[in-house]
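Overview (structure and organization)
Residue strings, one per chain:
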Amino acid sequence: MPSISVRYIVHDVDQAIAFYVDRLGFRLVMHPAPAFAMLSHGELRLVLSAPSGGPGGGAAMPDGTLPQPGGWNRFSLEVDDLDARVERLREQGVGMRNEIVDGVGGRQILIEDPSGNPIELFEPTIPEARL
């Protein structure tokens, strides 16, 4: 099992599981409670938590503030054919934050999970840029 995890706060854990498994090829590792799940994709472990008053990653801060999905921090998934992947995801209704951007070392686009958390899809254009 990977030793590094990324935690995303999501509105609906079941909806997020379906998105990551069906659209991005993640594997469900565990889903022991409605507000928590763990997925994997290669060396990435993705932990999903719903905001809640209980214990865990979705717990409220001491001042009562609940965690929220969204923001700009993200993980990046390397893909072989970015154009084809983006077209397929658009047909499936996946939200995009931008159009494909040609950058240093590769091309990328930011897509969103159902809660608005960003995922970067990256297609390297030079061998040194492979993740």
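Provided above is the structure to which this section pertains.
Scope of this entry: the structure provided in the associated data block. All figures in this text were calculated on a predicted structure; none of them were measured in a lab.

We now examine the sheet that holds strand β2 (residues 27-33). Within the open sheet, the 4 strands sit side by side as β1-β4-β3-β2. Their pairing is mixed. If you trace the sheet from one side to the other, it starts and ends with β1 (5-9) and β2, each paired once. Put simply, the sheet's adjacent strands are angled 20 degrees from each other on average, direction ignored. Sheet topology note: the β1/strand β4 (residues 44-49) ladder contains 5 bridges and is parallel. Within β4, the position partnered with Arg-7 by the bridge is Val-47.

Moving on: the packing of aromatic side chains. Summed over the entire model, instances satisfying the criterion amount to 5 aromatic pairs. Between Tyr-20 and Phe-26 the ring centres are 5.2 Å apart and the planes differ by 75 degrees, which places this aromatic pair in the edge-to-face class. Across the pair, exposure class does not vary: Tyr-20 and Phe-26 are buried alike. Centre to centre, the rings of Phe-26 and Phe-75 are 6.0 Å apart; their planes meet at 65 degrees, and the pair counts as edge-to-face. On the criterion of sequence distance, the pair formed by Phe-26 in the loop between α1 (13-24) and β2 and Phe-75 in strand β5 (residues 75-78) is long-range, its members being 49 residues apart. Three or more aromatic residues joined by ring pairs make a cluster, and in this case those are Tyr-8, Phe-19, Tyr-20, Phe-26 and Phe-75.

So, on to the pattern of salt bridges. The full count for this structure, using the stated rule, is 6 salt bridges. A salt bridge links Asp-83 to Arg-107; its shortest N-O distance comes to 3.1 Å. With Asp-83 in helix α2 (residues 82-91) and Arg-107 in strand β7 (residues 106-112), this pair connects stretches of sequence that are 24 residues apart. What makes Arg-107 buried here is its relative accessible area of 18%. Two residues, Arg-107 and Asp-102, come together in a salt bridge whose shortest N-O distance is 3.1 Å. Because the salt bridges share partners, they merge into one network encompassing Asp-83, Asp-102, Arg-107 and Glu-123.

Our next topic: the side chain of Arg-45. Along the polypeptide, Arg-45 turns up in strand β4. Although buried, Arg-45 forms no salt bridge, and the nearest oppositely charged side chain, Glu-43, lies 9.4 Å from it. Here Ser-5 takes part through its side chain, which lies 2.4 Å from a polar atom of the side chain of Arg-45.

Of note, Pro-69 is situated in the loop between β4 and β5. Judged by relative accessible area, Pro-69 falls into the buried class, the value being 19%. With 49 residues separating them along the chain, Pro-69 and Pro-118 place their C-alpha atoms 9.4 Å apart.

This part covers the sheet that holds β5. In space, the 4 strands of this open sheet follow the order β5-β8-β7-β6, with mixed pairing throughout. Bordering the open sheet on either side are β5 and β6 (101-103), each of which pairs with just one other strand. Adjacent strand axes in the sheet meet at a mean angle of 35 degrees, parallel and antiparallel pairs treated alike. Inspection of the sheet shows β5 paired to strand β8 (residues 118-124) by 4 bridges, in the parallel sense. Residue pairing across strands places Glu-78 opposite Phe-122, the latter belonging to β8. Packing against the sheet, α1 makes contact with β5, β7 and β8, and its axis sits at approximately 15 degrees to β8. Across the sheet, α2 lies against β7 and β8, angled at about 15 degrees from β7, the strand it touches most.

The rules behind each value
Residues numbered from 1 in each chain as written. Predicted model: local features only at pLDDT ≥ 70, side-chain atom pairs only at ≥ 80, totals over all residues. Heavy atoms only, no water. Pairing = 2+ DSSP bridges. Helix = DSSP H or I, 4+ residues; strand = E, 2+ residues; numbered from the N terminus. Axes fitted to C-alpha atoms, helices over the stretch in contact; angles between N-to-C directions. Phe/Tyr/Trp six-rings, centres within 6.5 Å; stacked < 30°, edge-to-face > 60°. Buried < 20%, exposed > 50% of the residue type's maximum accessible area, 1.4 Å probe, protein only. Salt bridge = Lys/Arg side-chain N within 4 Å of Asp/Glu carboxyl O. Lys, Arg positive; Asp, Glu negative; His and termini not counted. Polar contact = N/O pair within 3.5 Å; in protein donor to acceptor, adjacent residues only side chain to side chain. Contact = heavy atoms within 4.5 Å.

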